[in-house]
Amino acid sequence: MRIDVLGVGFDDISIEQATLRALEIMGGEERAYAVTPNPEIVWQSCKNTALRDALNSAELVLPDGIGIVLGAKILGTPLLGGRVPGIDFATALFEKMAESNGKVFLLGAKPGVAVKAGANLAKKHPGLIVCGAADGYFTDGAAIVSKINAAKPDLLLACLGAPKQELWMAENRDNLGAPLCAGLGGSLDIFAENVKRAPVFFQRLGLEWLYRILKEPWRLKRSLSLPLFVFAVIFMRLKGKAGRM
Ligand code: UDP
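The rules we used
Residues numbered from 1 in each chain as written. Predicted model: local features only at pLDDT ≥ 70, side-chain atom pairs only at ≥ 80, totals over all residues. Heavy atoms only, no water. Helix = DSSP H or I, 4+ residues; strand = E, 2+ residues; numbered from the N terminus. Rg over C-alpha atoms; globule rule 2.2 N^0.38 Å. Buried < 20%, exposed > 50% of the residue type's maximum accessible area, 1.4 Å probe, protein only. Contact = heavy atoms within 4.5 Å. Lys, Arg positive; Asp, Glu negative; His and termini not counted. Charge placed at Lys NZ, Arg CZ, Asp CG, Glu CD. Near = heavy atom within 4 Å. Polar contact = N/O pair within 3.5 Å; in protein donor to acceptor, adjacent residues only side chain to side chain. Areas by Shrake-Rupley, 256 points an atom, 1.4 Å probe, with all protein chains shown as cover. Nonpolar A, V, L, I, M, F, W, Y, C, P; charged D, E, K, R; others polar. Pairing = 2+ DSSP bridges. Axes fitted to C-alpha atoms, helices over the stretch in contact; angles between N-to-C directions. Phe/Tyr/Trp six-rings, centres within 6.5 Å; stacked < 30°, edge-to-face > 60°. Lys NZ or Arg CZ within 6 Å of the ring centre and 35° of its normal.

*Asks:* Describe the overall build of the protein, with residues and values.
*Replies:* Across its full length, the protein carries 13 helices and nine strands. Over its C-alpha trace the protein gives a radius of gyration of 17 Å, about what one expects of a compact globule, namely 18 Å for 245 residues. By its C-alpha atoms, the protein is 50 × 40 × 35 Å across when sized along the principal axes. Taken over 245 residues, the protein has a buried fraction of 49%. Here the analysis covers contacts within the protein between residues at least 6 apart in sequence; of these, 78% occur between residues at least 24 apart. Side-chain charges in the protein split into 29 positive and 24 negative, and the spacing between the mean points of these groups amounts to 6 Å.

*Asks:* Describe the site of the ligand, with residues and values.
*Replies:* Around the ligand lies a shell of 15 residues, among which Gly136, Tyr137, Lys164, Asp189 and Arg219 are the nearest. Leu160 places a polar main-chain atom, nitrogen or oxygen, 3.5 Å from a nitrogen atom of the ligand. Between the ligand and the protein, one listed contact pairs an oxygen atom with a side-chain N or O atom of Lys164 at 2.8 Å. Here the ligand, which alone exposes 550 Å², has 80% of that area covered by the protein. Looking at the shell around the ligand residue by residue, the classes come out as four nonpolar, five polar and six charged.

*Asks:* Could you give me a rundown of the sheet that holds strand S4 (residues 60–61), with the residues and numbers involved?
*Replies:* The strand order across the open sheet formed by six strands is S4-S3-S8-S7-S5-S6, and the pairing between neighbours is parallel. Whereas interior strands pair on both sides, the edge strands pair on one side only; in this sheet they are S4 and strand S6 (129–134). Pairing of strand S3 (residues 32–35) with strand S8 (residues 180–183), which is carried by three bridges, proceeds in the parallel orientation. Bridged to Tyr33 within S8 is Cys181. Its contacts with the sheet place helix H5 (residues 86–98) against S3, S4, strand S5 (103–108) and strand S7 (155–159), and it is angled at close to 155° to S7. Strands in contact with helix H7 (residues 141–151) are S5, S6 and S7; relative to S5, the strand with the most contacts, it is inclined by about 165°.

*Asks:* How would you sum up the packing of aromatic side chains? Please name residues and give values.
*Replies:* In this structure the tally under the stated criterion is four aromatic pairs. Taken together through their ring pairs, the aromatic side chains of Phe201, Phe202 and Tyr211 make up a single cluster. The positively charged end of Lys164 is found above the aromatic ring belonging to Tyr137, 6.0 Å away from the centroid. A cation sits over an aromatic face here: Lys164 above Phe138, 5.3 Å from the ring centre.

*Asks:* So what's going on with the environment of Gly118? Residues and values would help.
*Replies:* Summarising the element assignment, Gly118 is placed in helix H6 (residues 113–124). Sequence spacing of Gly118 and Leu188 is 70 residues, and the spatial spacing of their C-alpha atoms is 8.6 Å. Ignoring any residue separated from it by four or fewer positions in sequence, one finds Gly118 in contact with Leu106 and Val130.

Structure below.
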């Protein structure tokens with residue numbers, strides 16, 4: 001059962017449970033993908049049905065931002081597992097994968113970033129195998145899928161930004177050999193240390209979004225969807241349209 005936030009069904013699980021489920025998928029035969037929508041992505045999906053379908057078709061739908069957790073609370077169907085930031089989910093997975101020489105392929109960001117992120121991750125998680133990396137500005141989709149499949153990853157990080165990564169994962173789920181693919185936005189820029197993650201103080205207060213706006217003011221325009229998301233959630237609550245799906 002999922003918690004419905006403006007048409008997107010979220011899994012009500014903790015980061016530990018999400019990690020265990022992801023490891024189970026990686027050890028099995030199914031082909032699955034994980035998404036980590038924040039309020040901005042959910043708001044986009046209200047106007048983009050292909051995006052909404054791609055989100056709801058994911059095996060794991062994890063609430064990346066505090067806004068989703070608050071939205072679910074306002075709707076009267078709280079997410080008891082709390083938020084699951086995509087970057088923390090990936091880090092928890094890397095720690096577990098390192099124990100058994102798990103293989104990850106990094107796809108996304110500008111040329112050179114994925115390779116740099118891979119070098120940092122391999123250093124930070126001895127045992128984790130970074131089996132390949134490619135930038136997110138490819139033009140030959142079939143060639144990139146072949147390159148990923150040749151590397152035989154257990155996990156593919158698709159960090160192409162929203163909605164590109166969600167649509168790409170939904171379209172390529174059956175072409176990809178990797179059991180699990182996770183769409184993680186700007187995470188490679190952080191793993192490459194090209195972009196600094198918000199200090200723990202901001203993370204604890206659920207204010208990472210504010211830190212990003214302060215550091216990268218061009219994000220302000222994109223963030224205008226935040227108040228619209230909140231208004232829509234309150235409107236749905238007043239209309240009594242909250243619920244589970
Ligand atoms: N990106 C990409 N291919 C594209 C468009 C974007 O690889 O065609 C990358 C971009 O370089 C950046 C990431 O996708 O590394 C999006 O980062 P952003 O911080 O905007 O995502 P968020 O974390 O906010 O979802």
